[in-house]
Amino acid sequence: MMYKVIHTALDILFPPHCAGCGSASQALCASCARATAYLGKECFFCAGPAEKNNICGQCSRNHDFESIIWLWRYQNEKARTIIAAYKYKRKSALALPLARLLSQKLREHNIPRDIVVIPVPLHKNKERERGFNQAALIAKNLGLYSLSTVAVRLKETSPQAWTESRRERFKHMENVFLITRPETVQNKDILIIDDVATTGATLSELARVLKKAGAAKIYAAVLAHG
Ligand SMILES: [Zn+2]
Ligand SMILES: [Zn+2]
């Protein structure tokens, strides 16, 4: 609570500057939003051509998603700077502008609005250490119905997972998530939210347990796809 008060006070004392370029304007200026925008149409999993929902016909047979949306490529340096600022320095200033950008993207892709938004959970130790869950805060600001405590993370996954092969990384995610109240997702369409997704192992594992709990269609949206 104190943290929140101090941050709000800081925003008043020091007017917002853009997390992408430092210009004194908004927390995220329109020109940085344009400069980082990803406009391609490729498959999330194999980077092959995918016209409609960012998953090609081949990959859609092996995954649970109707569609996966991402705002930025993680390779975009400015996008990485903005995400780091959001996670480590300026959560209160950036959560809403980031959620608005993502929300616009969801509309462009015709993602249904009658949906349950579920952020990828952090392990409780990690959340305590960071002070907040970056995915849950975006989810809350989307203006849709969101449930941030239904999915729980049972295991911390180590940062070394980045160096693992795709197969190892998928293996690593087994039994990471638990759905605490399956009745809240049964027969519901779900939108999973995260900040960054690389191979999609985390998203896929959460989608798998949600399906197992009885969820209907699964969509996912992330700020950046690496
Ligand atoms: Zn800017
Ligand atoms: Zn594909």
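All values derive from a computational prediction rather than experimental measurement. (Residues numbered from 1 in each chain as written. Chains lettered and ligands numbered in written order. Predicted model: local features only at pLDDT ≥ 70, side-chain atom pairs only at ≥ 80, totals over all residues.)

Lay out the overall build of the chain with the relevant residues and their values.
Helices and strands together make up the secondary structure of the chain, namely nine helices and six strands. When each of the 226 residues of the chain is scored for burial, the buried share is 37%. A sequence separation of at least 24 residues applies to 69% of the contacts in the chain between residues at least 6 apart. (Helix = DSSP H or I, 4+ residues; strand = E, 2+ residues; numbered from the N terminus. Buried ≥ 20, exposed ≤ 12 C-beta atoms within 10 Å, placed from the backbone. Contact = placed C-beta atoms within 7 Å.)

I'd like a description of unusual backbone geometry, backed by residues and values.
Notably, Ala-47 is not glycine yet its phi reads approximately 65 degrees, a positive angle. Mapped onto the fold, Ala-47 is located in the loop between helix H2 (30-36) and helix H3 (57-60). Residue Ala-47 is classed as exposed on the basis of its 12 C-beta neighbours within 10 Å. Notably, Asn-110 is not glycine yet its phi reads approximately 55 degrees, a positive angle.

Kindly report on the environment of Ile-69, identifying the contributing residues and their values.
Its location among the elements puts Ile-69 in strand S1 (residues 65-73). Separated by 16 residues in the primary sequence, Ile-69 and Asn-53 place their C-alpha atoms 7.6 Å from one another. Beyond its immediate sequence surroundings of up to four residues, Ile-69 is in contact with Asn-54, Lys-105, Leu-106, His-109, Ile-111 and Ala-221.

Please provide a residue-by-residue account of the sheet that holds strand S2 (residues 116-119), values included.
Taking strand neighbours across the sheet as the criterion, the four strands line up as S1-S6-S5-S2 in an open arrangement whose pairing is parallel. A strand with exactly one partner marks an edge of an open sheet, and here the two such strands are S1 and S2. Pairs of neighbouring strands in the sheet enclose a mean axial angle of 20 degrees, with direction left out of account. For S2 and strand S5 (residues 190-197), the ladder comprises four bridges, and the chain directions are parallel. For Val-116, the partnering residue across the bridge sits in S5 and is Ile-190. Strands in contact with helix H9 (residues 201-212) are S1, S5 and strand S6 (218-225); relative to S5, the strand with the most contacts, it is inclined by about 160 degrees. (Pairing = 2+ DSSP bridges. Axes fitted to C-alpha atoms, helices over the stretch in contact; angles between N-to-C directions.)

Report on the pairing of S5, specifying residues and quantitative values.
For S5, the buried fraction is high: seven of the eight residues fall into the buried class. Read as a crossover between parallel neighbours, the route from S5 over H9 to S6 is right-handed. (Right-handed = clockwise from strand over helix to strand, strands pointing away.)

I'd like a description of the environment of His-123, backed by residues and values.
Assignment of secondary structure puts His-123 in the loop between S2 and helix H6 (124-130). For the pair His-123 and Glu-156, spaced 33 residues apart in the sequence, the C-alpha separation amounts to 5.7 Å. In contact with His-123, not counting residues within four places along its chain, are Arg-153, Lys-155 and Glu-156.

Summarise helix H5 (residues 91-108); cite the residues concerned and give the values.
For H5, with 18 residues, the first-to-last C-alpha span of 25 Å sits near the 26 Å given by 1.5 Å per residue. Positive backbone phi, at 55 degrees, marks Asn-110, one or two positions downstream of H5. (Expected span 1.5 Å × (residues − 1).)

If you had to explain helix H4 (residues 77-88) to someone new, which residues and values would you point to?
Over its 12 residues, H4 runs 16 Å from end to end, which matches the ideal 16 Å to within 8%, given 1.5 Å per residue. Where H4 is concerned, the buried positions are Ala-79, Ile-82, Ile-83 and Tyr-86. Projection of H4 onto a plane perpendicular to its axis shows the buried side chains occupying an angular sector of 95 degrees, all on one side. Exposed side chains of H4 directed beyond 90 degrees from the buried face belong to Glu-77, Ala-84 and Tyr-88. (Arc of directions from axis to C-beta.)

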